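# Coordinates in review
The primary structure of each chain is shown beneath.
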Amino acid sequence: MITVLNSCMWGVPKKQGSEINTDTLAYTYQTIKKRASDCGTKPDSGCTFVSVQYPEFKSNAILNDSVKTRLFNLFWADTKPAADTDLQKYAGNFIDVYEKNKDDATVKGLIFTAQSSAKILRQDSSLVTFKFNGYVFQGGAHGNTITYFFNWNTKTNRPVLLNDILVNGYNDRLTTIGETIFRKNENLSDTASLARDYFFKGNKFALNNNFLITPLGLRFLYNQYEIKPYAAGQTDLLIPYTKIKSLLLPHTVVSQYIK
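Residues numbered from 1 in each chain as written. Predicted model: local features only at pLDDT ≥ 70, side-chain atom pairs only at ≥ 80, totals over all residues. Heavy atoms only, no water.

Quick look at the pairing of strand β3 (residues 49–57) now. Taken across its 9 residues, β3 has 7 buried, putting it largely inside the fold. As judged from the 9 bridges shared by strand β2 (residues 27–35) and β3, these two strands associate in the antiparallel manner. Following the sheet pairing, K34 is matched in β3 by V50. Bridging between β3 and strand β4 (residues 113–124) involves 5 bridges; their strand directions are parallel. The residue bridging F49 from the neighbouring strand is T113, located in β4. (Buried < 20%, exposed > 50% of the residue type's maximum accessible area, 1.4 Å probe, protein only. Helix = DSSP H or I, 4+ residues; strand = E, 2+ residues; numbered from the N terminus. Pairing = 2+ DSSP bridges.)

Now for the environment of L238. Among the secondary structure elements, L238 is positioned in strand β10 (residues 235–240). Taking C-alpha positions, L238 is 4.3 Å from R219, a pair spaced 19 residues apart along the chain. Excluding residues within four positions of it along the chain, L238 makes contact with I181, T214, G217, L218 and R219. (Contact = heavy atoms within 4.5 Å.)

Two numbers describe how helix α1 (residues 61–72) lies on helix α2 (residues 87–101): the axes approach to 10 Å, and their chain directions differ by 15°. Compared by their axis directions, α1 and α2 come out roughly parallel. Crossing hand, α1 versus α2: left-handed. Contact residues: K68, L71 and F72 in α1; L87, K89 and Y90 in α2. Broken down by class, the residue content of the contact of α1 with α2 amounts to 4 nonpolar, no polar and 2 charged. (Axes fitted to C-alpha atoms, helices over the stretch in contact; angles between N-to-C directions. Parallel < 35°, antiparallel > 145°, perpendicular 65-115°, else oblique. Left-handed = near helix turned anticlockwise from the far one by under 90°. Nonpolar A, V, L, I, M, F, W, Y, C, P; charged D, E, K, R; others polar.)

Our focus in this paragraph is the pairing of strand β5 (residues 127–137). Burial of β5 is extensive: 8 of the 11 residues sit out of reach of the surface. Here 11 bridges tie β4 to β5, and the two strands are oriented antiparallel to one another. Among the inter-strand pairings, R122 is bridged to a residue of β5, identified as T129. Linkage of β4 to β5, two consecutive antiparallel strands, is achieved through a turn of 2 residues, within which S125 is found at a positive phi near 50°. Direction of pairing for β5 relative to strand β6 (residues 144–153): antiparallel, over a ladder of 10 bridges. Paired with V128 across the bridge in β6 is W152. Connecting the antiparallel pair β5 and β6 is a turn made up of 6 residues, with G139 showing a positive phi of about 100°.

Written as structure tokens, this is what we have:
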């Protein structure tokens, strides 16, 4: 069952530019939810369930498929078809796994949970930004939480990559600036080793591709286990536009935020 959660929502356009227009997208939030057969009248917190929430855009099948594919693959990208958008099947499969194994000694008494959502954070001119959240528990010491960002250019109708907004050869300079901010946030000196408390490959700082375009700068997010132990949670890193003006391409979806 798919339930419409709220009425159409609209972004607020800003100033114009070659990559900026005043079109915003109408959408409604949808919910898919399934509960295990033994739930009865128990609340969700007391039984196995799966829920998925996502925005569905009017007359934009490409964006809709992109959103649903990312939701489908939040946790199972290595085992599921990369382009699968059947969220009903996703929910059904999760419940089926529980139903088939609920009497096993290793599963009995456990409450499986899968919650995922795609939320629109902002609509500005040609840019729509998303936050994908997910939590899953299928046994083990604890569940797994994950967050991904997604930036969409409504003019070109495709995702925004770093290559779309930064000059050629940006990586080394961006990484250096990012590391300076990271070390300050973590109270590390310029020469302190990253080997002891972090999981960077080769103990060398690196930015990932999980970034959000915000009015203030590029926000990078590292998920649990990515660069720190599980107990440390997620790590946010904001690189202000004021620090990377020389790296920004003109006339992009970021231009509206540059003064």
